[in-house]
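# Topology and contacts: notes
So the chains spell out like this:
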Amino acid sequence: MNKTTTITSTCECGQLSLEITTPPVAQMVCHCADCRNATGLPYLELAFFKPGGCKAHGETRSLTMQGSSRKDKTYFSCRECGTPLYATLGVLNGAWAVIASRLSPFTVDSQLHIWTSEKADDIEIPSSATQEPTIPPESIRKLFMSTFFGKP
């Protein structure tokens, strides 16, 4: 069965919404200081999508910064209510990293925690989760290279 399901995401006030027509490539929890500073959240549960299958509707407020890769990442939130929804990542050829808890229909299944070396002091990570002090493990990096750059 090859049915396309549209996944949506909406801010608190409904002015900004996302429409995603591709399945997620991966899910993970990011604890980096950049994500925390850009969104005001203690960590981000993220689902990564190919940019060609993602559309934003509504006005956004954006914040662009350089990641550890020296490539830009831009965080987008609703211009009206300020709800953070997604980021685009230069290091992943424009991939969208969408806050998974705001996606519908969607099941959050993030067992991989990255940038745990920068996590907030009061955050407990489940002992069953895979933890990486910085970037994702090699298996995820290979998946990202093949998906977002067409390289094995």
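For the structure, check the block above.
The structure contained in this document is the topic of the report that follows.

Reading the values: rules and limits
- Residues numbered from 1 in each chain as written.
- Predicted model: local features only at pLDDT ≥ 70, side-chain atom pairs only at ≥ 80, totals over all residues.
- Heavy atoms only, no water.
- 1 Å grid on protein atoms, 1.4 Å probe; cavity = no way out; pocket = protein on both sides within 12 Å on 5 of 7 lines; lining within 4 Å.
- Points joined across faces, edges and corners; volume = space filled by probe spheres on them.
- Helix = DSSP H or I, 4+ residues; strand = E, 2+ residues; numbered from the N terminus.
- Nonpolar A, V, L, I, M, F, W, Y, C, P; charged D, E, K, R; others polar.
- Disulfide = S-S within 2.5 Å.
- Buried < 20%, exposed > 50% of the residue type's maximum accessible area, 1.4 Å probe, protein only.
- Contact = heavy atoms within 4.5 Å.
- Pairing = 2+ DSSP bridges.
- Axes fitted to C-alpha atoms, helices over the stretch in contact; angles between N-to-C directions.
- Phe/Tyr/Trp six-rings, centres within 6.5 Å; stacked < 30°, edge-to-face > 60°.

## Some points on empty space enclosed by the protein
Per the counting criterion, the structure on display carries 1 cavity of 30 Å³ or more. Quantified by volume, the largest cavity comes out at close to 50 Å³. Every residue lining the largest cavity is listed: Thr39, Leu44, Leu46, Tyr75, Phe76, Pro84, Leu85, Tyr86, Ala87, Ala97 and Ile99. Mapped by element, the contributors of at least two residues to the lining of the largest cavity are strand 4 (44-49), strand 7 (72-78), strand 8 (84-89) and strand 9 (95-99). When residues of the lining of the largest cavity are assigned to their parent elements, the largest contribution, 4 residues, is made by strand 8. When grouped by side-chain class, the residues that make up the lining of the largest cavity number 10 nonpolar, 1 polar and no charged.

## Details of the layout of surface pockets
The computed volume of the largest pocket comes to approximately 620 Å³. Residue assignment for the lining of the largest pocket shows that the elements contributing at least two residues are strand 3 (26-30), helix 1 (33-39), strand 4, strand 7, strand 8 and helix 2 (138-149). Here the lining of the largest pocket gets 4 residues from one element, more than from any other, and that element is helix 2. Its residues placed into classes, the lining of the largest pocket shows 20 nonpolar, 4 polar and 6 charged.

## Side note on the state of the cysteines
Using the criterion set out here, one finds 0 disulfides in the structure. Sulfur of Cys35: no disulfide; nearest cysteine sulfur belongs to Cys32 and is 3.6 Å away. When its relative accessible area of 6% is taken as the criterion, Cys35 is described as buried. Here Cys81 is not disulfide-linked; the sulfur of Cys78 is the nearest cysteine sulfur, at 3.7 Å.

## A word on the environment of Thr22
Here Thr22 lies in the loop between strand 2 (17-20) and strand 3. Once residues within four sequence positions are removed from consideration, Thr22 is found in contact with Ile7, Phe49, Lys50 and Gly53.

## A look at the sheet that holds strand 9
Across the sheet, 8 strands lie side by side as 6-7-8-9-4-3-11-12; this open sheet has mixed pairing. A strand with exactly one partner marks an edge of an open sheet, and here the two such strands are strand 6 (60-66) and strand 12 (130-131). When strand 3 meets strand 4, the two strands line up antiparallel, connected through 5 bridges. Paired with Val29 across the strands is Glu45, a residue of strand 4. Taken strand by strand, helix 2 contacts strand 3, strand 4, strand 9 and strand 11 (112-114), and its axis lies near 125° from that of strand 3.

## Comments concerning the pairing of strand 3
With 5 of 5 residues buried, strand 3 lies mostly within the body of the structure. Burial along strand 3 is two-sided: Ala26, Met28 and Cys30 and Gln27 and Val29, pointing in opposite directions, are all buried. Taken together, the 2 bridges between strand 3 and strand 11 define a ladder with parallel strand orientation. In the strand pairing of strand 11, Cys30 is matched with Ile114.

## Observations regarding the packing of aromatic side chains
As enumerated under the stated definition, the model contains 4 aromatic pairs in all. On the numbers, 4.6 Å between centres and 15° between planes, the contact of Phe76 with Tyr86 is stacked. With Phe76 in strand 7 and Tyr86 in strand 8, this pair connects stretches of sequence that are 10 residues apart. Tyr86 matches Phe76 in its accessibility class, with the two residues each being buried. Aromatic side chains Tyr86 and Trp96 sit 4.2 Å apart centroid to centroid with 10° between the ring planes, which places their arrangement in the stacked category.

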